[in-house]
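What follows is each chain in one-letter form.
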Amino acid sequence: MSKLVTYKYTAISRSGERVSGIMEGFDELDVVDKIKETCLIVEKLTEVKDNSDSVLNMEIGGNKLNKKAFTVMCSQFAIILRAGLPVARTASLIAAKTTDKKLKKVLQKVAADVEGGRTLSASFQDHGEKLFPSTFIEALRAGEESGNIDKSFETMHNHFDKQMKMKGKVRNALIYPAFVMAVAVVVVAVLMIKVVPTFISIFDSYGAELPLITQLLILISNFFVGNWIKMLAFFIVAFIVFKLYTNTEKGRLKFARFALRMPVFGNINELNAASQFANTMATMLGSGIPMTKSVSITAKVIENYYISQEVGKITTKIEEGNDMGTSLKDAACLPDILVDMVAVGEETGEMEETLDTIAKYYDSELEMAITSALNKLEPAILVVMAGIAGFIVIAVYVAMFGMYAAM
């Protein structure tokens, strides 16, 4: 694939003014075509030498977006634009204040582009297509068409701030059980590989007949000691194979469907998809984006690949004249309550308000489902831990008491 090259340009806008800016393209002809979307004549074009690919200038983290910095940026744009400042000046001000390097770099390019006559959405798309969500770009484009760009930024801030807080709650809730499980694995491994063999050598030195439970412990310990490298290698290979398989179309689809059938977690995955659908659709429609485009964008946002694909397919049905409620019912990939409420929203003409209500409902249901699952998971982990520890302690002490009695 050809690499994008950056050019500085000077051109004459459609209003007759001389403008300048920065544009990326695969070659000079590509860049000229892009500039002529907003300008009549290109006067000067100069390639910008970019050293950002050198090892010393590489940024850690690739194209991963700092969601907190991005959400703050949306809020800043909404506030400053509402105060009456021009878009280019706003982008320049925010670029100067942000501490996120990737965001700063993009905003500096956006400020130069807008100063040169380009639209904000086109500039964000060119310089941050792999960095920013498609929902953001499309909402900006709709805001520019309607003349409410500040409202679009405010909507995006509310949407992504809500998403970030929800994911933060889920992440914080999972930290404790994940930590306990990690500690449990480490403790069991240390006991079986280091501690138990010490007791085994003591038992062997006395040559006493060991109880059945102690013999079982010795067998398990010997298995761990003799095969821990093979076990580690097996799990690493299994993980790599799993990742490679789930990167294929067939593998992603099968795993996504399996994730929806899992006990407890299947319900959580379905609720999460319903929440993402309702929240994103409400945001897109509220930004003035047409129904088919909103569904297409929403499908890309849904994390479960199976549901994402099924939702994406209904755009064709909607374009053919079918309503969304019927199309979702035929797809049979989202909860019945959501589908019925969407149908009601279409009939009453209040789709955005209905989706917003559904989103709040599923956000609440998702939070309760996660809390309930964790409330069941934590004691289960502790019981398993106590069972393993109790088994080891009993096996060791029974053998020790037997030796003392024989002495």
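Residues numbered from 1 in each chain as written. Predicted model: local features only at pLDDT ≥ 70, side-chain atom pairs only at ≥ 80, totals over all residues. Heavy atoms only, no water.

A word on the overall build of the protein. When its secondary structure is counted, the protein shows 15 helices and 3 strands. Burial statistics for the protein: of 407 residues in total, 38% are counted as buried. For the protein, long-range pairs separated by at least 24 residues make up 60% of all intrachain contacts whose partners lie at least 6 apart in sequence. Approximately 23400 Å² of the protein is accessible, and the part contributed by carbon and sulfur atoms is 60%. (Helix = DSSP H or I, 4+ residues; strand = E, 2+ residues; numbered from the N terminus. Buried < 20%, exposed > 50% of the residue type's maximum accessible area, 1.4 Å probe, protein only. Contact = heavy atoms within 4.5 Å. Areas by Shrake-Rupley, 256 points an atom, 1.4 Å probe, with all protein chains shown as cover.)

Enumeration according to the criterion identifies 12 aromatic pairs in this entry. For the ring pair F234 and F235, a centre distance of 5.6 Å and an interplane angle of 70° mean the geometry is edge-to-face. Judged by relative accessible area, F234 falls into the exposed class, the value being 55%. Residue F235 is classed as exposed on the basis of its relative accessible area of 55%. Of the aromatic side chains, those joined through ring pairs into one cluster are F70, F77, F124, F132, F136, F153 and F160. (Phe/Tyr/Trp six-rings, centres within 6.5 Å; stacked < 30°, edge-to-face > 60°.)

Two elements in contact, helix α9 (residues 249-261) and helix α12 (residues 305-319), have axes whose closest approach is 7 Å; the angle formed by their N-to-C orientations is 105°. By the angle between their axes, α9 is roughly perpendicular relative to α12. Note on element contacts: α12 touches α9 through Y305, Y306, I307 and Q309, opposite E249, R252, L253, A256, R257 and L260. The residue inventory of the contact of α9 with α12, partitioned by class, reads 6 nonpolar, 1 polar and 3 charged. (Axes fitted to C-alpha atoms, helices over the stretch in contact; angles between N-to-C directions. Parallel < 35°, antiparallel > 145°, perpendicular 65-115°, else oblique. Nonpolar A, V, L, I, M, F, W, Y, C, P; charged D, E, K, R; others polar.)

Right, let's get into the side chain of D363. With respect to the helices and strands, D363 occurs in helix α15 (residues 351-406). For D363, a relative accessible area of 8% corresponds to the buried category. Setting aside residues no more than four positions away along its own chain, D363 makes contact with K162, M166, S275 and N279.

What follows concerns the nonpolar core. Counting residues in hydrophobic clusters, the biggest one holds 38 residues, and the most contacted among them are F277 and M324. Elements that contribute at least two residues to this core include exactly α10 (265-286), α11 (291-301), α12, α13 (324-331), α14 (336-348) and α15. Tallying contributions element by element places α15 first for this core, with 10 residues. Setting aside anything within four residues of it in sequence, one finds F277 in contact with T298, I302, V311, M324, L328, L334, L338, V342 and L355. Judged by nonpolar contacts, the second largest core, of 34 residues, contains L107, L120, F124 and F153. (Core = buried A, V, L, I, M, F, W, Y, C linked by side-chain atoms within 4.5 Å.)

Across the 9 residues of helix α5 (residues 120-128), 7 count as buried, placing the element largely inside the fold. Taken together, the buried positions of α5 are L120, S121, A122, S123, F124, H127 and G128.

Quick look at the environment of N66 now. Inspection of the secondary structure assignment puts N66 in the loop between β3 (39-47) and α2 (67-82). Residue N66 is classed as partly exposed on the basis of its relative accessible area of 35%. Along the sequence, N66 and F132 sit 66 residues apart, while their C-alpha atoms lie 10.0 Å from each other. In terms of polar contacts, N66 uses its side chain to reach the backbone amide nitrogen of K68, at 3.2 Å. Engagement of the side chain of N66 in a polar contact is seen with the backbone nitrogen of A69, the distance being 3.1 Å. (Polar contact = N/O pair within 3.5 Å; in protein donor to acceptor, adjacent residues only side chain to side chain.)

Right, let's talk about the pattern of salt bridges for a bit. Evaluated as defined, the whole model comprises 10 salt bridges. R118 is the salt-bridge partner of D113, the closest N and O atoms lying 3.6 Å from each other. D113 gets classed as buried once you look at its relative accessible area, which sits at 0%. In this structure R118 comes out as buried when scored by relative accessible area, which is 7%. Of the charged contacts in the structure, one is a salt bridge between D161 and K165, with a shortest N-O distance of 3.2 Å. Note that D161 and K165 are positioned in helix α7 (residues 149-206) at a spacing of 4 residues, about one turn of the helix. By relative accessible area, D161 is classed as buried at 18%. (Salt bridge = Lys/Arg side-chain N within 4 Å of Asp/Glu carboxyl O.)

It is worth spelling out unusual backbone geometry at this point. Even without a glycine there, the phi angle at A332 is positive, about 50°. Counting through the fold element by element, A332 comes out in the loop between α13 and α14.

Moving on: the packing of α13 against α14. Following both chains from N to C, one finds α13 and α14 inclined at 165°, their axes separated by 8 Å at the closest point. It follows that α13 is roughly antiparallel to α14 by the angle criterion. Our pair here, α13 against α14, has a crossing hand that is left-handed. From α13, M324, G325, L328 and K329 reach across to α14, where they touch L338, V339, V342, A343 and E346. Residue classes in the contact of α13 with α14 are distributed as 6 nonpolar, 1 polar and 2 charged. (Left-handed = near helix turned anticlockwise from the far one by under 90°.)

Summarising the model, the protein shows a mean pLDDT of 81, and 90% of its residues fall at 70 or more. Between the elements of the protein, mean pLDDT differs from a low of 71, seen in strand β2 (residues 18-25), to a high of 90, seen in α9. For residues 50-62, every residue scores under 50 in pLDDT, and the model assigns this stretch 11 contacts once sequence neighbours within four places are set aside. (pLDDT = per-residue confidence, 0-100.)

In this section: the environment of N148. By the element assignment, N148 lies in the loop between α6 (134-146) and α7. N148 gets classed as partly exposed once you look at its relative accessible area, which sits at 40%. Sequence spacing of N148 and L81 is 67 residues, and the spatial spacing of their C-alpha atoms is 9.9 Å.

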